[in-house]
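Here are the chains, one letter per residue:
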Amino acid sequence: MQYVSTRGSAPALDFAGVTLAGLASDGGLYVPEKWPRLSPDEIAAMRGLPYAELAARIMQPFVGECLTPERLRELTDKAYGRFAHAAVTPLTQLDERQWLLELFHGPTLAFKDVALQMLGLLFEEFLAREDGSLTIVGATSGDTGSAAIDAVAGLDRVEIFMLHPKGRVSDVQRRQMTTVRAPNVHNIAIDGSFDDAQAMVKRIFADESVTAKHRIGAVNSINWARLMAQVVYYFAASLQLGGPEHKLAFSVPTGNFGDVFAGHVAARMGLPIERLIVATNTNDILHRALSNGDYSTGTVTPTSAPSMDIQVSSNFERLLFDVGGRDGAALAEQMRGFETSKAMQLTNAQRDGAAALFTSMRVDEDDMARAMRWACEECAEIVDPHTAIGLHAARNVQLPADVPVVTLATAHPAKFPDAVERATGSRPALPARVGDLFAREEAFIELPGTYEAVRGHILGHAA
Ligand SMILES: *Cc1c(COP(=O)(O)O)cnc(C)c1O
């Protein structure tokens, strides 16, 4: 399997290459040259497999020759063995129609663990082969940071610099990053938003004064391997609820468009999906893009679903490429325009291609709180604010009545106890597996929101 850049001019790479590269050298994102297809019989034959086995089967065509099936299976066993639930991503029924896909049973309580536990192992595997090392530079709206730090803390060949927007992540999220004491972990709080942090990370990748000295790697969902790992749970849910004979809809609380793009990949591979619902909070660039073609950034408004407080959705570029004719040169031009003016119109091909599978909804704070109360009072389930945004959309988008709707439950409610308590009156307790989070000492440095400050810090501290 070879991967090509959405902007058409970076070299094609194999799976190991894209895993270590993160962003393509032309500023684009890597996508498979063509989608592997599974027939309905092949999908049906995977029913009842343990999650780690299902994961290895779904990932194998993307990994290609880079790992033997036996080695891949060892890695999925190890990655998913760290989850607190034997089903890894269990389904919970809410009513006759609505389901939750619980993606928060990993070490840091959000769905990011599903991909990052695997990515940490892949880094180690591929770096050992070439006796290399990697400096990861990442930006987090809260959950990627903790999941990535957990996945790489203590690794010999990997060092991580993680930027978070100061004061805009929850206490649990911050502490899950800043209380990990390992020599290869560096936490940085910057003055600014997640988008500011993400823009700096993209500049680091393109800055030769940095890349000449250090091999820079990515743990954000610009890294293809993350999306690949997320495709698996769409298959897992479908196989539980009548797939591939019956179609499902998925409602996905969305920020960087990574998780929901994995749903698009599942559909491209042949999984029957009725609709992918893109649920945004009031930072609604994706809702505007999908409903009327207007992809233009506004200012980021902090909400009680901070992991979705994003106005530039990196992975949307992958969708625009895939549904818009896979024309790298044209997309590079379009994206350059966007980077200058912070706005672009989707082409007709992009709009029609997206409309075939995606529906979107913008969910405000009141509707989010109502969804949390409904789940609590009618279904005895406490959901986190991000999940509640997905759930509100799941219950309000028009769909054929016989199609089950699965909302991706992206975080454990105890990650956002204040918002959950405000909406439902009850304060969720942290699961025992996170231990004495509030007793541990924190370590992070604060930097102004300028590129020079961040670049200088990384160059001064990278091994
Ligand atoms: C990261 C995150 C999201 C958004 O996921 P994307 O892949 O960026 O769209 C939603 N909910 C939670 C809890 C998250 O951590």
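In this text the structure is predicted, and so the values were computed from the model without any measurement.

What counts, and where the lines are drawn
- Residues numbered from 1 in each chain as written.
- Predicted model: local features only at pLDDT ≥ 70, side-chain atom pairs only at ≥ 80, totals over all residues.
- Heavy atoms only, no water.
- Helix = DSSP H or I, 4+ residues; strand = E, 2+ residues; numbered from the N terminus.
- 1 Å grid on protein atoms, 1.4 Å probe; cavity = no way out; pocket = protein on both sides within 12 Å on 5 of 7 lines; lining within 4 Å.
- Points joined across faces, edges and corners; volume = space filled by probe spheres on them.
- Nonpolar A, V, L, I, M, F, W, Y, C, P; charged D, E, K, R; others polar.
- Buried < 20%, exposed > 50% of the residue type's maximum accessible area, 1.4 Å probe, protein only.
- Pairing = 2+ DSSP bridges.
- Right-handed = clockwise from strand over helix to strand, strands pointing away.
- Axes fitted to C-alpha atoms, helices over the stretch in contact; angles between N-to-C directions.
- Parallel < 35°, antiparallel > 145°, perpendicular 65-115°, else oblique.
- Left-handed = near helix turned anticlockwise from the far one by under 90°.
- Contact = heavy atoms within 4.5 Å.
- Polar contact = N/O pair within 3.5 Å; in protein donor to acceptor, adjacent residues only side chain to side chain.
- Phe/Tyr/Trp six-rings, centres within 6.5 Å; stacked < 30°, edge-to-face > 60°.
- Lys NZ or Arg CZ within 6 Å of the ring centre and 35° of its normal.

**Digging into unusual backbone geometry**
The omega torsion across Gly-243 and Pro-244 is 0°, close enough to zero to call that bond cis. Counting through the fold element by element, Pro-244 comes out in the loop between helix 10 (224–240) and strand 9 (248–253). One non-glycine residue, Leu-109, lies in positive phi territory at about 70°. Tracing the chain through its elements places Leu-109 in the loop between strand 4 (98–102) and helix 5 (112–129). Of note, Asp-131 is a non-glycine position whose phi angle comes to about 50°, a positive value.

**Section: the layout of surface pockets**
In this structure, the largest pocket encloses a volume near 940 Å³. Lining of the largest pocket is provided by 39 residues; of these, Leu-23, Ala-199, Lys-202, Arg-203 and Glu-339 occupy positions nearest its centre. When contributions to the lining of the largest pocket are tallied by element, the ones reaching two or more residues are helix 8 (194–206), helix 13 (316–323) and helix 14 (328–341). It is helix 8 that contributes the most residues to the lining of the largest pocket, eight residues altogether. A per-class count over the lining of the largest pocket returns 18 nonpolar, twelve polar and nine charged. Counted as a void, the second largest pocket has a volume near 350 Å³. Ser-170, Asp-171, Phe-416, Pro-417 and Asp-418 are the residues nearest the centre of the second largest pocket, which is lined by 23 residues in total. Those elements giving two or more residues to the lining of the second largest pocket turn out to be helix 7 (171–178) and helix 18 (417–424). Considering every element that reaches the lining of the second largest pocket, the biggest residue donor is helix 18, with four residues. Of the residues that constitute the lining of the second largest pocket, the class distribution is twelve nonpolar, four polar and seven charged.

**What about the pairing of strand 6 (residues 158–165)?**
Counting buried positions along strand 6 gives eight out of eight residues, so the element sits mostly inside the fold. As paired strands, strand 5 (residues 134–139) and strand 6 are joined by six bridges and run parallel to one another. Residue Ala-139 lies in a different strand from strand 6, and its bridge partner there is Leu-163. For the crossover that starts at strand 5, traverses helix 6 (residues 143–152) and ends in the parallel strand 6, the hand is right-handed.

**What to know about the packing of helix 13 against helix 14**
Between helix 13 and helix 14, the shortest axis-to-axis distance is 10 Å and the interhelical angle comes to 140°. As summarised for this structure, helix 13 and helix 14 are arranged oblique, according to the angle between their axes. Of the two elements, helix 13 crosses helix 14, and the hand of that crossing is right-handed. In this structure, helix 13 uses Glu-317, Leu-320 and Phe-321 to contact helix 14, whose residues at the interface are Gly-328, Leu-331 and Met-335. Split into classes, the residues belonging to the contact of helix 13 with helix 14 amount to four nonpolar, one polar and one charged.

**Quick word on the side chain of His-287**
Among the secondary structure elements, His-287 is positioned in helix 12 (residues 285–292). Of the polar contacts made by the side chain of His-287, one reaches the side chain of Ser-360; its length is 2.7 Å. Excluding anything up to four places from it in sequence, His-287 contacts Thr-280, Ser-360, Met-361 and Arg-362.

**Points about the packing of aromatic side chains**
Applying the stated criterion to the full structure yields 14 aromatic pairs. A ring pair is formed by Trp-35 and Phe-261, whose centres lie 6.5 Å apart and whose planes are at 55°; its orientation type is tilted. Taken together, the residues Trp-35 in the loop between strand 2 (30–32) and helix 2 (40–44) and Phe-261 in helix 11 (residues 258–268) connect sequence positions 226 residues apart. According to the relative accessible area criterion, Phe-261 is buried, its value standing at 0%. Taken together, a centroid distance of 5.6 Å and an interplanar angle of 35° make the contact between Phe-257 and Phe-358 tilted. Of this pair, Phe-257 sits in the loop between strand 9 and helix 11 while Phe-358 sits in strand 13 (residues 358–362); the two residues are 101 residues apart in sequence, bridging distant segments of the chain. Looking at Phe-257, the relative accessible area reads 0%, which means it is buried. Grouping aromatic residues by their ring pairs yields a cluster made of Tyr-3, Phe-15, Trp-35, Phe-62, Phe-126, Trp-224 and Phe-261. Looking at Arg-203, its charged tip hangs above the ring of Tyr-451, at a distance of 3.9 Å from the centre. Over the aromatic face of Trp-374 sits the side chain of Arg-395, whose NZ or CZ is 3.6 Å from the ring centroid.

Nothing here speaks to function; it is geometry throughout.
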